[in-house]
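As a plain string of letters, each chain reads:
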Amino acid sequence: MTRSTRKPYIAGNWKMNLDRARSLDLIKTVKGRLGDGGDREVAFFVPSIYLADVSAVAQGSPLGVGGQNCWFEANGAFTGELAARMLREVGADRVLVGHSERRHVFHEPDEWMGRKLRAALDSDLLPIYCIGETLDERKGNKTERVLKRQLESGFEKIRAEDAHRLTIAYEPVWAIGTGETATIEQVGQAHRSIRKWLVQRLGEDAANLMRILYGGSVKPDNAKELMAIDSVDGLLVGGASLQAETFLPIIEYDR
Ligand code: 13P
């Protein structure tokens, strides 16, 4: 499988934004526009408290609905946390793991990532594993090393047969919410090094099933050029996914 046969994946991460009514409106609008979806996969990662309502509205459409984080134990004394199976139970079919804000604002360590990805897969969720370097790490020429370290921790419990259910998102921390997008060259280079690692780790056939998304200040006016990069299989969109006017043109980047 190559870029041309992997289905483009356009995902919106609402983070801690919108409210219940605006969430449902946005889902209705995007659902109405998507039709049968067909040639691309579209999903929203929503605040967990809205998951049940949002997934009820999305029902019957190809729109995917996911949580933004999960814990790796199935139950227990973990106040404030949500098990992957709980997200599944209220209608999520996917989840983000290792988002930059989880790592840098909430100090989630690399050691948790492998267990989180395993728990998500075992609960029948499709994870997007987010990785990316900080500005200091890029300036210190450590980008490749950091990506490799994050991949190694995340893939601790991943086998080749999991590959078709797992997606990677490369989100350079310095490009998230800053309006500063990584250059075509920077994105291409990072994605190529991620794919090379995946091939080494899982073998070519399994690695080629996996999509690698780019995230960080994706907007309607740069979506087409980012999707034109040979190694980019999709986009993970923050701010521009909060309104139909900005998200629909990103979904329809090639029209
Ligand atoms: P922005 O698109 O707002 O930069 O956010 C990117 C992101 O973190 C998506 O997960």
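Summary of the structure given here. (Residues numbered from 1 in each chain as written. Predicted model: local features only at pLDDT ≥ 70, side-chain atom pairs only at ≥ 80, totals over all residues. Heavy atoms only, no water.)

Here's the deal with the sheet that holds strand β2 (residues 41-45)
Quick note on the threshold: Strands pair, by our definition, only if DSSP identifies at least two bridges between them. The way it works is that DSSP assigns letters per residue, a run of H or I at least four long becomes a helix, a run of E at least two long becomes a strand, and they are numbered from the N terminus. Axes, fitted as lines to C-alpha atoms, cover a helix only where it is in contact. Angles between the N-to-C directions of the axes lie from 0 to 180 degrees. Contacts are assigned to residue pairs with any non-hydrogen atoms lying within 4.5 Å of each other.
With parallel pairing, the eight strands of this closed barrel are ordered in space as β1-β2-β3-β4-β5-β6-β7-β8. Averaged over all pairs of adjacent strands, the angle between their axes in this sheet comes to 25 degrees, without regard to strand direction. Here β2 runs beside strand β3 (residues 64-67); their pairing, made up of three bridges, is parallel. When the bridges of β3 are listed, Phe44 appears paired with Val65. Against the sheet, helix α8 (residues 184-202) makes contact with β5 (126-131), β6 (167-170) and β7 (211-215), and its axis sits at roughly 150 degrees relative to β7, the strand it touches most.

Considering empty space enclosed by the protein
Here is the rule: Grid spacing is 1 Å over the protein atoms alone, the probe is 1.4 Å, and a cavity is where that probe fits but cannot get out, while a pocket is an open set with protein on both sides within 12 Å along at least five of seven lines and lining residues have an atom within 4 Å of a point. Grid points are joined across faces, edges and corners, and a volume is the space filled by probe spheres set on the points. Following the grouping adopted for this structure description, the nonpolar residues are Ala, Val, Leu, Ile, Met, Phe, Trp, Tyr, Cys and Pro, the charged ones are Asp, Glu, Lys and Arg, and the polar ones are all others, Gly among them.
Going through the model one piece at a time under the given rule, you end up with one cavity of 30 Å³ or more. Computed from the structure, the largest cavity encloses a volume of approximately 40 Å³. Lining the largest cavity, in full, are Gly98, Ser100, Arg103, Cys130, Ile131, Gly132 and Glu171. Secondary structure elements with two or more residues in the lining of the largest cavity: α4 (100-104) and β5. Among the residues making up the lining of the largest cavity, the classes are represented as two nonpolar, three polar and two charged.

Points about the pairing of β5
Operational definition: Burial classification: accessible surface area is computed with a 1.4 Å probe over protein chains only, and a residue below 20% of its type maximum counts as buried, one above 50% as exposed, and the rest as partly exposed.
Burial within β5 is extensive, with five of its six residues counted as buried. Note: strand β4 (residues 94-97) against β5, four bridges, orientation parallel. Looking at the pairing, Arg94 lines up with Leu126 of β5. Two strands pair when backbone bridges link them, and β5 and β6 are joined in this way by four bridges, in the parallel orientation. Along β6, the bridge assignment pairs Ile131 with Tyr170.

A closer look at the site of the ligand
As a reminder, the rule being used: Near residues are defined by distance, with any heavy atom within 4 Å of the molecule or strand qualifying the residue. Two N or O atoms form a polar contact when they lie within 3.5 Å of each other; inside protein one atom must be a possible hydrogen donor and the other a possible acceptor, and for residues adjacent in sequence the pair counts only when both atoms belong to side chains. Under the convention used here, a 1.4 Å probe and the Shrake-Rupley method define accessible areas, while residue burial counts only the protein chains that appear.
Of all residues adjacent to the ligand, which total 13 residues, the nearest are Lys15, His99, Glu171, Gly177 and Ser217. Side-chain polar atom of His99 to an oxygen atom of the ligand: 2.8 Å apart, as the coordinates give it. The side chain of Glu171 places a nitrogen or oxygen atom 3.0 Å from an oxygen atom of the ligand. Isolated, the ligand exposes 310 Å² of accessible area, and the fraction of that covered by the protein chains is 96%. Classifying every residue of the shell around the ligand by side-chain character gives four nonpolar, seven polar and two charged.

Looking at the layout of surface pockets
Of the volumes computed, that of the largest pocket is approximately 520 Å³. Taken together, 18 residues form the lining of the largest pocket, with Ser48, Gln68, Asn69, Arg102 and Phe106 sitting closest to its centre. Tallied by class, the residues present in the lining of the largest pocket amount to eight nonpolar, six polar and four charged. Here the second largest pocket is characterised by a volume of approximately 180 Å³. Along its surface, the second largest pocket is lined by Arg138, Asn141, Lys142, Thr143, Glu144, Leu147, Gln186, Gln189, Ala190 and Ser193. For the lining of the second largest pocket, the elements supplying multiple residues, two or more each, are α7 (143-154) and α8. When residues of the lining of the second largest pocket are assigned to their parent elements, the largest contribution, four residues, is made by α8. Partitioned by chemical class, the residues of the lining of the second largest pocket number two nonpolar, five polar and three charged.

Digging into the packing of aromatic side chains
Inclusion rule: Only Phe, Tyr and Trp rings are paired, with Trp represented by its six-membered ring, and only when their centres lie within 6.5 Å; those with planes under 30 degrees apart are stacked, over 60 edge-to-face, the remainder tilted.
Counted under the stated rule, the structure contains seven aromatic pairs. With 6.4 Å between their ring centres and 55 degrees between their planes, Tyr170 and Tyr214 make a pair best called tilted. With Tyr170 in strand β6 and Tyr214 in strand β7, the pair connects residues that are 44 residues apart, well separated along the chain. Summarising the burial analysis for this pair, Tyr170 and Tyr214 share the class buried. Members of the aromatic cluster, joined through ring pairs, are Trp71, Phe72, Phe78 and Trp112.

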